[in-house]
Amino acid sequence: MIERVGELALVDGFDSLIAGSGVANGSAAPGGASAVIQAIVSPLPALWESSDEQNLLRKAVLSVVTKVIAVGSNDAVAALMGSVILPLLTVATNPARPEAIYLMEDGLELWQAVLRRAPVVGFPAELSALFPNIATTLEQDFDFLRPAMFIVEAYVLTGGADFVHAHGAALAALFARVAGNVKPKAAQYVAKALEAVL
């Protein structure tokens, strides 16, 4: 347990490293930003794997990766997609996993950050394969409706007709479930996502 507290402090220290490195404000030396990001992120997959039941530590890892995506170069983010981002999203946003109750919110924040960069970084098929997690999440409840609708909209706008063709049935079922079952304030998020589909 003491070791895990040290690891959590280490992950929390990454925020300071990001801020002090010049990556966040663009003052890092050319090429230096990628090296800093690699140094920050390289221990995280092993830390994630070794912290199977340590949800606070995993939440911290999700937070650090979300921040790195926000400040990293397009090349740095693309390099992290398969080795770091997708494994984290696969676990954190899968409502069938028991830890999702603790990780879902941070996982959805990471997912949104990835999708904000997707038009430039690319839209790998593995990212498209995660989409059913959104439909399953909304089948259970509407607690995450706002980020879920942002993710739906981003998938449609980024993935285009290919995405709609691949996931049309899931999209239709999702909208049929939420339409008329959400409060007026939440309906605006549904309407915006539906507009992107149409």
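Student: When you look at the overall build of the protein in this model, what are you seeing that I'm missing?
Tutor: For the protein, the count of helices and strands is 10 helices and 0 strands. Going from the N terminus to the C terminus, the protein shows its helices and strands as α-α-α-α-α-α-α-α-α-α. A total of 198 residues make up the protein; the buried ones form 44% of that total. Considering only contacts in the protein between residues 6 or more positions apart, those separated by 24 or more positions represent 67%. Surface accessibility of the protein: about 9,800 Å² in total, with carbon and sulfur atoms responsible for 58%.

Student: Help me out: how do you make sense of the packing of helix H4 (residues 55–71) against helix H5 (residues 74–92) in this one?
Tutor: Two elements in contact, H4 and H5, have axes whose closest approach is 11 Å; the angle formed by their N-to-C orientations is 145°. Seen along the crossing, H4 lies across H5 with a hand that is left-handed. For the pair formed by H4 and H5, the contact residues are Arg58, Val61, Leu62, Val65, Val68 and Ile69 on the first element and Val77, Leu80, Val84, Ile85, Leu88, Val91 and Ala92 on the second. Here the contact of H4 with H5 is built from residues that sort into 12 nonpolar, no polar and 1 charged.

Student: Sorry if this is basic, but what is going on with the nonpolar core here?
Tutor: Within soluble globular proteins, side chains that are nonpolar tend to cluster in buried spots. Counting residues in hydrophobic clusters, the biggest one holds 59 residues, and the most contacted among them are Trp111, Ile134 and Met149. Contributing elements (two or more residues each) for this core: helix H2 (32–41), helix H3 (44–50), H4, H5, helix H6 (100–121), helix H8 (132–140), helix H9 (145–178) and helix H10 (184–197). Counting residues per element, this core draws most heavily on H9, which supplies 13 residues. If we ignore the near neighbours within four places in the chain, the residues touching Ile134 are Leu108, Trp111, Ala148, Ile151, Val152 and Leu174.

Student: I would appreciate a short explanation of the packing of aromatic side chains in the present structure.
Tutor: For any pair of aromatic rings, the description rests on two quantities: the centre-to-centre distance and the angle between the ring planes. For the coordinates displayed, the defined rule picks out 4 aromatic pairs. Arranged with centres 5.4 Å apart and planes meeting at 65°, the rings of Phe131 and Tyr155 form a pair that is edge-to-face. Of this pair, Phe131 sits in the loop between helix H7 (125–129) and H8 while Tyr155 sits in helix H9, and the two are 24 residues apart along the sequence. For Tyr155, a relative accessible area of 0% translates into the label buried.

Thresholds, definitions, all that
- Residues numbered from 1 in each chain as written.
- Predicted model: local features only at pLDDT ≥ 70, side-chain atom pairs only at ≥ 80, totals over all residues.
- Heavy atoms only, no water.
- Helix = DSSP H or I, 4+ residues; strand = E, 2+ residues; numbered from the N terminus.
- Buried < 20%, exposed > 50% of the residue type's maximum accessible area, 1.4 Å probe, protein only.
- Contact = heavy atoms within 4.5 Å.
- Areas by Shrake-Rupley, 256 points an atom, 1.4 Å probe, with all protein chains shown as cover.
- Axes fitted to C-alpha atoms, helices over the stretch in contact; angles between N-to-C directions.
- Left-handed = near helix turned anticlockwise from the far one by under 90°.
- Nonpolar A, V, L, I, M, F, W, Y, C, P; charged D, E, K, R; others polar.
- Core = buried A, V, L, I, M, F, W, Y, C linked by side-chain atoms within 4.5 Å.
- Phe/Tyr/Trp six-rings, centres within 6.5 Å; stacked < 30°, edge-to-face > 60°.

Distances and angles like these do not, on their own, reveal function.
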